[in-house]
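# Coordinates in review
Spelled out from the first residue to the last, the chains are:
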Amino acid sequence: VQFDARRRRAPEGLELNKAVELFTNELRKSHSEIDLVRQVSTALAGHPAISLDYQFNVGQERRHGRSVCTIIVSADGNGREWFSASTVIDPSKSQLADWLIAFDAMLAGMTAE
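For the structure given in this document, a descriptive report is provided here. (Residues numbered from 1 in each chain as written. Predicted model: local features only at pLDDT ≥ 70, side-chain atom pairs only at ≥ 80, totals over all residues. Heavy atoms only, no water.)

## A short note on helix α2 (residues 99–108)
We count it as follows: Note on exposure labels: buried denotes an accessible area under 20% of the residue type's maximum, exposed denotes more than 50%, and partly exposed covers the range between, all computed with a 1.4 Å probe on protein chains only. Here a strand is any run of E in DSSP of at least two residues, a helix any run of H or I of at least four, and the numbering for each starts at the N terminus. In this description, one arc is meant: the one made by directions from the helix axis to the C-beta atoms. By definition in these notes, contact holds between two residues if any of their heavy atoms fall within 4.5 Å.
Those residues of α2 lying buried are Leu-100, Phe-103 and Leu-107. Projection of α2 onto a plane perpendicular to its axis shows the buried side chains occupying an angular sector of 55°, all on one side. Residues of α2 that are exposed and point over 90 degrees away from its buried face: Ile-101, Ala-105 and Ala-108. Buried residues belonging to α2 abut β1 (2–9), β2 (35–44), β4 (61–73) and β5 (80–89).

Shown next, in the form of C-alpha cells:
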C-alpha cells in the first residue's frame with residue numbers, strides 16, 4: 001500500500017475541475033498507460049472534492065489507485081490550497097480487499113480546522 005498526501009498553494013482562479021485535470025496529467029507523466037476508471041464528486045474535510053479511480057501497470061503487475069482532490073479556501077478568505085490524498089494498491093493481494101473502503105473512511109473523518 002502506498003499513501004501520499006500533498007498540499008500546495010492554489011493560484012487564484014484555479015477551479016477544482018482544472019486542478020483534477022492537472023493532477024491527471026501528472027499521473028500520465030508517471031504512468032503513460034493509465035486507465036481512468038471512475039471520477040465522482042464527493043467532499044473532503046467539508047469542501048467539494050473529486051475522487052478519481054485509476055489503474056496502471058508497474059512492469060507486469062497491475063495497480064489500482066484512488067485520489068481525492070479539493071481546493072480549500074482559508075477561513076479568512078486570504079489563501080487557497082490544493083490538497084490531494086492518494087493511495088495505490090496491488091489489487092491481487094486478498095488482504096487489501098477492504099483497503100479502499102478503509103481509505104474512504106479515513107478521509108471521511110477528516111476535518112478542516
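And the narrative resumes.
## Quick look at the pattern of salt bridges
For the record, the criterion: Within this document, salt bridges are pairs made up of a side-chain nitrogen of Lys or Arg and a carboxyl oxygen of Asp or Glu, the two lying within 4 Å of each other.
Within the structure shown, the criterion is met by 11 salt bridges. A salt bridge links Asp-35 to Arg-62; its shortest N-O distance comes to 2.9 Å. Of the two residues, Asp-35 is situated in strand β2 and Arg-62 in strand β4; the sequence distance between them amounts to 27 residues. Classification of Arg-62 as partly exposed rests on a relative accessible area of 28%. For Glu-61, the salt bridge identified is with Arg-63, shortest N-O distance 2.8 Å. On the accessibility criterion, Glu-61 (43% relative accessible area) is partly exposed. Overlapping salt bridges bring together Arg-38, Asp-53, Arg-66 and Asp-104 as one network.

## Points about the packing of aromatic side chains
Let me state the cut-off plainly: Under the pairing criterion, centres of Phe, Tyr and Trp rings, with the six-membered ring standing for Trp, must be within 6.5 Å; the plane angle then separates stacked pairs below 30 degrees from edge-to-face pairs above 60, leaving the rest tilted.
The tally for this structure, following the rule as stated, stands at 3 aromatic pairs. Relative to Phe-103, the ring of Phe-3 has its centre 6.2 Å away and its plane inclined at 65°; by these criteria the two rings are edge-to-face. Here the residue Phe-3 occupies a position in strand β1, and Phe-103 occupies one in helix α2, the gap between them amounting to 100 residues. By relative accessible area, Phe-3 is classed as partly exposed at 46%. Ring centres 6.3 Å apart and planes at 45° place the aromatic pair Trp-99 and Phe-103 in the tilted group.

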